[in-house]
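# Summary of structural features
Here's the letter readout for the chains.
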Amino acid sequence: MMTRSEKVGSNIRKANAETIRRILEAKPVLIDVVPASEAIPALQEGMILHAGPPIDWGNMCGPMRGAVAGIAVFEGWATDLAEAEQLAESGAFSLNPNHDFGAVGPMTGMTTLSQPVLVVENRASGNHAFCTINEGLGKVMRFGGNDASVLKRLGWLRDTLGPALGVALRAGKGIELKPLVARGLTMGDEMHQRNLGCSSLLLRTLAPDLARTVDDRTALAEMLSFIGSNDQFFLNLAMALGKAIMDPVCDIECSSVVTAMTRNGTDFGIRVSGLGDEWFTAPVEMPEGLYFPGFSADDANPDMGDSTIVETIGLGGFAMAAAPAVAGFVGVGTPSIAADFTRTMGEITLTQNPEWTIPALDYQGVPTGIDIRLVVETGITPIINTGIAHRKPGIGQVGAGVVKAPLACFELALKALATRLGVR
Amino acid sequence: MSKIVNRVCAGLFLDSVILMQISRSITLLEGVEDAALMIGTPSNLDLLDNAKLLARASRKATGGDLILAVRAKDETAAASALAKAEILLERPTVGHTGTTTLRPRTLRSAQDILPTANLP
């Protein structure tokens, strides 16, 4: 005869085993690029999806406000940034988290009607996840950039690259993403700050179909050059793949596994499988990092973006051992201790992913399945590799670094799970 | 009047994180206003330009080149900072090169590391 607490423990173990099974058996495939309006029929005029847990205009940080104003001009809802800000202030836009619409977005994470989105199908569960196309480096909307050059690039993505990628992908059978990531991990990618291997592998896979389907050679050269010169092109795809893997596990009764971690530049939020779509939030932390010339920690915005979905599936900071240089961002950290970060994340996860292994760790799999009980028990919080935006709107990226998820989110979630399961 | 000094090393590549670490240590030197070591990609050239670190001749640099850029209070400080940057580039190790042994924080992971341990 089991005691009540043994029964709860047994239920959690079974639920977590099912959660892990679904995560590991996921089969994410890049199948298309379509306008967001087509991918997400619930998207309406005046609706803006953003990164992180829910937030209103009044509480948004500088770069997030800059991006909201910029995307409103891009969509033709305002004639200039000043008018866009007034409209936002008056509540004219409906602001919602990407996560509620099967989507994710890096940094500010703007998703609106006309932007093209990558469509990832999880063929094990049949669900789809979406993410916009990575804009490249420099002044870009994901880091709060919103000037004419930023909007012009978004226009080119919408009118040229997005449709062309859609045609090229529909001409093929889709691109299986798990083997691509597995290979990237052996090439120095951790899929958050480092995506050079996977971006190159993706380009080499896409290029023949693009060449077959794009008639204009100048346009084709421009597209190949755009993808080829962006070391982070794969990031958005890694994010959509993460969302496609995690959505089918987002509501398993009794499961204590984290299904989403995300930040809006003000708050950090997590979701837990056994607690469905409820957010558990705490103030977001400042990344520790290195800065581009002309910028310092004084310019930095707190942590931001849905990109932490990659850590949620065992990549990014959890796969630091695959990209040892990134450990250099942390205080006294050096590449030779990168494996320690990955091993430490093993303390708060339930398993290793045997399909995503790291040669430098003797082919151990990436730590997978963050258990809120282990986070609270050990006090070890997920480590996240991230870019750093300027805290003022319109400027862009100022550096890169590493940040920790706040413990309070996990404590709140654990209390809620205990209440749900009748544990006092 | 500040002095901007650049040196373009053709065909030299080093990881951006170690370059940022070297940049930070050069920036801390006496008389240096700002400094950066960057690969000459278009977006990096923009960053250097915006930070008032890019000499006119360096605009021709490409993604295959490494740019050493210093802005200092005078020519002597700039030359000395550039020399220091070159020394660090010659031996870019960040100090700690030993291997570490991570100690497990819980019995669960200790047992993962040593599955044959004689634990009940």
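Provided above is the structure to which this section pertains.
In every chain, residue numbers begin from 1 and rise along the written sequence. All chains are assigned letters beginning at A, and all ligands numbers beginning at 1, according to the order in which they are written. For a predicted model such as this one, the threshold for reporting local features is a pLDDT of at least 70, and the threshold for listing and counting side-chain atom pairs is 80 or more; totals across whole chains, interfaces and linings nevertheless cover every residue. Here the side-chain values reflect all heavy atoms present in the structure, with hydrogen atoms and water set aside.

## Examining the overall build of chain A
Of the regular secondary structure elements, chain A holds 13 helices and 15 strands. Here the C-alpha atoms of chain A give a radius of gyration of 20 Å, agreeing with the 22 Å that 2.2 N^0.38 yields for 424 residues. In terms of its C-alpha atoms, chain A occupies a principal-axis envelope of roughly 70 × 50 × 45 Å. For chain A, the proportion of its 424 residues judged to be buried stands at 63%. Starting at the N terminus, helices and strands are each numbered in turn, a helix being any DSSP run of H or I of at least four residues and a strand any DSSP run of E of at least two. When we talk radius of gyration, it's over C-alpha atoms, and the globule rule is simply 2.2 Å times the number of residues to the 0.38. Residue exposure (1.4 Å probe, protein chains only): buried if accessible area is under 20% of the type maximum, exposed if over 50%, otherwise partly exposed.

## Some details on the interface of chain A and chain B
The contact definition used throughout considers only heavy atoms, calling two residues in contact when any of these lie within 4.5 Å. Facing 31 residues of chain A, the contacting portion of chain B comprises 25 residues. By salt bridge we mean one thing: a side-chain nitrogen of Lys or Arg within 4 Å of a carboxyl oxygen of Asp or Glu. Inspection of the region where chain A meets chain B yields one salt bridge. The shortest N-O distance in the salt bridge between Arg194(A) and Asp15(B) comes to 2.6 Å. Pairs of N or O atoms within 3.5 Å make up the polar contacts considered here, provided that, within protein, one atom can donate a hydrogen while the other can accept it, and that residues adjacent in sequence are counted only when both atoms are side-chain atoms. Summed over the shared surface of chain A and chain B, the number is nine residue pairs in polar contact (both at pLDDT 80 or more).

## As for the sheet that holds strand E8 (residues 267-272) of chain A
Residues and elements named next belong to chain A. Pairing between strands requires that DSSP locate at least two bridges from one strand to the other. Strand order in the open sheet formed by four strands is E9-E8-E7-E11, and the pairing between neighbours is antiparallel. Sheet topology places strand E9 (280-283) and strand E11 (304-305) at the edges, where each strand pairs with a single neighbour. By the bridge criterion, four bridges tie E8 to E9 in an arrangement that is antiparallel. Looking at E9, one finds that Gly269 is bridged to Thr281. With respect to the sheet, helix H13 (residues 407-420) is in contact with strand E7 (258-264), E8 and E9, its orientation differing from that of E9 by roughly 155°. All axes are obtained by fitting lines to C-alpha atoms, using only the stretch in contact for helices, and the reported angles, taken between N-to-C directions, cover 0 to 180 degrees.

## Quick word on the sheet that holds strand E4 (residues 116-122) of chain A
All names here are of chain A. Strand order in the open sheet formed by four strands is E5-E4-E1-E6, and the pairing between neighbours is antiparallel. A strand with exactly one partner marks an edge of an open sheet, and here the two such strands are strand E5 (128-132) and strand E6 (175-176). Two strands pair when backbone bridges link them, and strand E1 (residues 28-35) and E6 are joined in this way by two bridges, in the antiparallel orientation. Within E6, the residue paired with Val29 across the bridge is Glu176.

## A short note on the environment of Arg22(A)
All names here are of chain A. Of note, Arg22 is situated in helix H1 (residues 4-25). Judged by relative accessible area, which is 31%, Arg22 ranks as partly exposed. Spatially, the C-alpha atom of Arg22 lies 33 Å from that of Leu210, the residues being 188 residues apart in sequence. Those residues in contact with Arg22, other than ones at most four positions away along the chain, are Pro248, Val249 and Ile252. Within the structure, Arg22 has its side chain in polar contact with the side chain of Glu18 (distance 2.8 Å).

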